[in-house]
Amino acid sequence: MTAPLATESTSTGHSDMANAIRFLAADAVEKAKSGHPGMPMGMADVATVLFSRFLKFDASAPRWADRDRFILSAGHGSMLLYALAYLTGYEDVDIEQIKHFRQLGARTAGHPEYGHVAIAETTTGPLGQGIANAVGFALAEKMAAARFGREVVDHYTYVIAGDGCLMEGISQEAISLAGHHRLSKLIVLWDDNGISIDGSVDLAQSDDQLARFTASHWNVARIDGHDPEAIARAIGAAQRSERPSLIACRTVIGYGAPTKGGTEKTHGAPLGAEELAGARVKLGWTAEPFVVPPAILAAWRAAGARGRTLREAWEGRLAGLDGERRALWDRLAAGRLPEGWQAAARAFKDKVIADKPKWATRKSSQEALEVLTAAIPELIGGSADLTHSNLTLTKALRPVTPTDASGRYIHYGVREHGMGAIMNGLVLHGGIIPYGATFLVFSDYMRPAIRMAALMRQRVIYVMTHDSIGLGEDGPTHQPIEHLPSLRAMPNLLVFRPCDPVETMECYEAALENVSSPSLLSLSRQGLPTLRTSAAENLSARGGYVLAEAEGKRQVTLIATGSEVEMALKARDLLAAKGVAAAVVSMPCCELFDRQDAAYRDAVLGGDGVRVAVEAASTFGWDRYTGARGAVVGLTGFGLSAPAEQVYEHFGITAEAVAEAAMARL
């Protein structure tokens, strides 16, 4: 187990080190004429104590697997993070990056972005996402320790969060789950400055935050956020707690600013030359902008290097890990899927082609996951209290519980937004491919977290069932209409809507192989026949393909997804009876289809013939495939409560309607 890192620090040395953060931040914001100086100036003391005395890290090895994680949930204060990166010696943030804060081409973006700078464990900015990500990081740490042992997995997750992070509803979802799972290695440092953009937080809030966290089974403390010894005592006590910890750090926003400190005027705007000069006088900082005196920089660089011996000792312990655990560790670290998983997937597809089951695609998903979770141990499942509707728990998975983190299934409760952000933390921590489930209509609740996964290019899988008016009697509150086109509009999100068991497995294969994109599977409640007759190639990986070619020269192309592919095949038969040759294109993933070359896309869509798309969702977006002569059969309003067959008939989403739309355009 890792020895504690806490070291003694003199108040004079601390003050100089904290002021280095304050003035790098304030000077960078001033030069950019844009940014948020108040939070870095206010939390500089807390950050200095954390990074110089507690945080286990090595700036020369920023991806060391057993480093402590630091998450700046209050991402608007990004200059705090960039200043720390420069001061401690991260190679990718030099003084030129600080000088070019928020400028085109700089790594020092307005809000911290994962993959831009090594110190950023996650992308933050949308308030609440970071603290919820941190719960995922801490849960992943606990799960990894259960799998590999505390000799190689033993680190904390620290968070700096602001008032806005705690106001956002997602924070309650996250802290409730963290308390339930007793994530004792999660420590949140709350910048309790009493100020938001509009002014004092009491304009909109009078909560007792410590009581709130206590009710969620957290350890809590309140300190002076400008007293380094009080900060150190609180962090030390939090490290010894058996619960997650909240430390309320009472601070002054814009600390040191002579007339604007303690007010909203320092939150989101440069201090101004006069105020910045006054802060230099008040805090005794005589260095020019972007200059850190050598002795202070040396102290910071020493802080950045002090974890090196711990890292080297950890590397020795890792080398001593037994063969099976070491092989798994190395494979996960390299991001390789295990051998044999594709053969297992192919065997599943061959079997369903032979057996031809009539399953809802949520059932097809369950059967596919039975195969995949048995073959891929890093697949970690979960659901937002809809396990038996989403069909996401397999025989290979046991629940993760507060007392046993060795399981592989997370019961998130009715916390869709929290689930999405926690899954982002799980995947960013490393060693996990998470999938989480709810009804497609409730993707609205988790959309900000889905967007962050897409922005960060993370392999997260969303299993969304009950995907259309086909769910029937639950009615328009639960029937997704606009969800598919709006999700397809999100950059870098792969939206899959398979039509049968073969496509369902193919979509999971594509989701697993597209390592830089999150994927969403849209799955039916109603039973659907097995339509595919061959699995020689993963056709779904191309996004769209000809499922049934026209008999003779193609006159019509019918494009469908999911449950409507069967309908398109019936419409093809109706057209054939009238002497019209039609092909059916299954389009399980528009995004992957759009990546294919023009020749392939033209061959699939059938050149200049009539094209009709059908999907039991909003018609929005399909005209880019149907063209000027085409038509779209779908929905332009909300659904209604009735048996599924009657709902389809009521809205005119039928094989007959598809055939008629084609005939009308010939």
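Let us look at the structure shown here. Owing to the predicted nature of the structure, the values given are computational and were not obtained by experimental measurement. Residues take numbers from 1 onward in each chain, read along the sequence in its written order. pLDDT decides what is reported in this predicted model: residues at 70 or higher carry local features, side-chain atom pairs at 80 or more are listed and counted, and totals for whole chains, interfaces and linings draw on all residues regardless. Each side-chain value is worked out from all heavy atoms of the structure, with water and hydrogens disregarded.

## Quick look at the overall build of the protein chain
Broken down by element type, the protein chain carries 26 helices and 20 strands. In terms of overall size, the protein chain behaves like a compact globule, its C-alpha atoms giving a radius of gyration of 28 Å where 666 residues would be expected to give roughly 26 Å. Principal-axis analysis of the C-alpha atoms places the extent of the protein chain at approximately 90 × 55 × 45 Å. Working definition: with a 1.4 Å probe on protein chains only, accessible area under 20% of the residue-type maximum means buried, over 50% means exposed, and in between means partly exposed. Counting the 666 residues in the protein chain, one finds 62% classified as buried. We count a stretch as a helix when DSSP gives it H or I for four or more residues in a row; a strand needs E for two or more, and each element gets its number in order from the N terminus. To get the radius of gyration, use the C-alpha atoms; to get the globule rule, take the number of residues to the power 0.38 and multiply by 2.2 Å.

## Considerations on empty space enclosed by the protein
In the cavity and pocket records, a cavity denotes points on a 1 Å grid over the protein atoms alone where a 1.4 Å probe fits but cannot get out, a pocket denotes an open set with protein on both sides within 12 Å along at least 5 of 7 lines, and lining residues are residues with an atom within 4 Å of a point. Grid points are joined across faces, edges and corners, and a volume is the space filled by probe spheres set on the points. Taken as a whole, this structure holds three cavities of 30 Å³ or more when the rule is applied. Roughly 90 Å³ of volume is contained in the largest cavity. In terms of lining residues, the largest cavity is bounded by F51, L55, F57, P62, R67, D68, F70, Y90, A118, I119 and E121. The residue inventory of the lining of the largest cavity, partitioned by class, reads eight nonpolar, no polar and three charged. Residues are grouped as follows: Ala, Val, Leu, Ile, Met, Phe, Trp, Tyr, Cys and Pro are nonpolar; Asp, Glu, Lys and Arg are charged; all remaining types, including Gly, are polar.

## Remarks on helix α3 (residues 78–88)
Burial analysis of α3 places eleven of its eleven residues in the buried class, which makes it a mostly covered element. Those residues of α3 lying buried are S78, M79, L80, L81, Y82, A83, L84, A85, Y86, L87 and T88. A positive backbone phi angle near 100° is found at G89, which sits one or two residues after α3.

## Observations concerning the layout of surface pockets
Of the pockets and cavities examined, the largest pocket occupies roughly 910 Å³. L332, H429, G430, G431 and I432 are, among the 37 residues lining the largest pocket, the residues nearest its centre. Sort the elements by how many residues they give to the lining of the largest pocket and helix α5 (residues 129–148) lands first, with six residues. Partitioned by chemical class, the residues of the lining of the largest pocket number 20 nonpolar, nine polar and eight charged. In this structure, the second largest pocket spans a volume of roughly 440 Å³.

## Focus: the sheet that holds strand β2 (residues 157–161)
For two strands to count as paired, DSSP must find a minimum of two bridges between them. If you walk across this open sheet you meet the five strands as β1-β2-β3-β7-β6, and the pairing is parallel. Edge positions in the sheet fall to β1 (69–72) and β6 (219–224), since each has one partner strand and no second. The sheet shows a mean angle of 15° between the axes of neighbouring strands, taken without regard to direction. Sheet topology note: the β1/β2 ladder contains four bridges and is parallel. Within β2, the residue paired with F70 across the bridge is Y158. Each axis is a line fitted through C-alpha atoms, and for a helix only the stretch in contact is used; angles between axes span 0 to 180 degrees, taken between their N-to-C directions.

## As for the side chain of S524
Locating S524 in the fold gives a position in the loop between β14 (519–522) and β15 (527–528). Among the polar contacts listed, one links the side chain of S524 to the backbone oxygen of Q526, at a separation of 2.9 Å. In contact with S524, other than residues within four places in its own chain, are A360, T361, R362, H466 and D467. Counting of polar contacts relies on pairs of N or O atoms within 3.5 Å, with two restrictions inside protein: one atom must be capable of donating a hydrogen and the other of accepting it, and residues adjacent in sequence are counted only when both atoms are side-chain atoms. In this description, contact between two residues means that some pair of their heavy atoms is separated by no more than 4.5 Å.

## A word on the nonpolar core
Among buried residues, the Ala, Val, Leu, Ile, Met, Phe, Trp, Tyr and Cys ones that are joined through side-chain atoms within 4.5 Å form a nonpolar core. Judged by nonpolar contacts, the single largest core of 73 residues is most densely connected at I98 and W300. Take this core: its biggest share by element is eleven residues, from helix α1 (residues 11–32). Filtering out sequence-adjacent residues up to four positions away, W300 remains in contact with M17, A20, I21, T48, F51, L84, L87 and T88.

## Concerning the sheet that holds strand β10 (residues 409–411)
The strand order across the open sheet built from six strands is β10-β9-β11-β12-β14-β13, with neighbouring strands paired in parallel fashion. In this open sheet, the two strands that pair with only one neighbour each are β10 and β13 (494–496). Pairs of neighbouring strands in the sheet enclose a mean axial angle of 20°, with direction left out of account. As judged from the four bridges shared by strand β12 (residues 461–465) and β14, these two strands associate in the parallel manner. The partner of Y462 across the bridge, within β14, is L520.

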